[in-house]
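So you can see what is in the structure, the chains are spelled out below.
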Amino acid sequence: MDITKLQRAVIDALEDVKAQDIKVYNTTHLTSLFDRVVIASATSNRQTRALASSVADRGRSLELTGITIEGEDTGEWVVVDLGDVVVHIMQPAIRQYYNLEEIWGGKPVRVKLLPESTRVAPIPTDNGYDEDEA
């Protein structure tokens, strides 16, 4: 799968559950294990789990195999491995303490330059007329 499409799908899945401070880092120059690291914040243990579930479900809908989730037991820091993209979902205090942004370094990938959202656009059901007028 194209990395930019996978990256966009991950961001959409995170935004669907209201993740905060989403950052994407290109890691191709640092490791051959994966191409992107995504870091996002959640406000509670429940939200970290929900975000991880949303990301994993989106990966499954894209027919990715070998998706793994770690850290759901505590919910303070949950990691979702999608193969080419590794997603870290953390509560703010944990995120600040471990400072993964420094490890993966550099500037985050500019999300606004990514292709359009992978979400399906709603089909309008209203034709603009009242049934009585037709």
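Now for a description of the structure that goes with this document. (Residues numbered from 1 in each chain as written. Predicted model: local features only at pLDDT ≥ 70, side-chain atom pairs only at ≥ 80, totals over all residues. Heavy atoms only, no water.)

A few points about the pairing of strand S5 (residues 85–90)
(1) Moving on: Most of S5 sits out of view: 6 of its 6 residues are buried.
(2) Moving on: Of the two faces of S5, the one carrying Val85, Val87 and Ile89 and the one carrying Val86, His88 and Met90 are both buried.
(3) Moving on: Sheet topology note: the strand S2 (residues 36–41)/S5 ladder contains 6 bridges and is parallel. In the sheet register, Ala40 faces S5, and the bridge partner there is Ile89.
(4) Moving on: Examined bridge by bridge, strand S4 (residues 77–81) and S5 share 5 bridges and lie antiparallel to one another. When the sheet's bridge partners are listed, Asp81 is paired in S5 with Val86.
(5) Moving on: What sits between S4 and S5 in their antiparallel hairpin is a turn of 3 residues, with Gly83 showing a positive phi close to 95°. (Buried < 20%, exposed > 50% of the residue type's maximum accessible area, 1.4 Å probe, protein only. Helix = DSSP H or I, 4+ residues; strand = E, 2+ residues; numbered from the N terminus. Pairing = 2+ DSSP bridges.)

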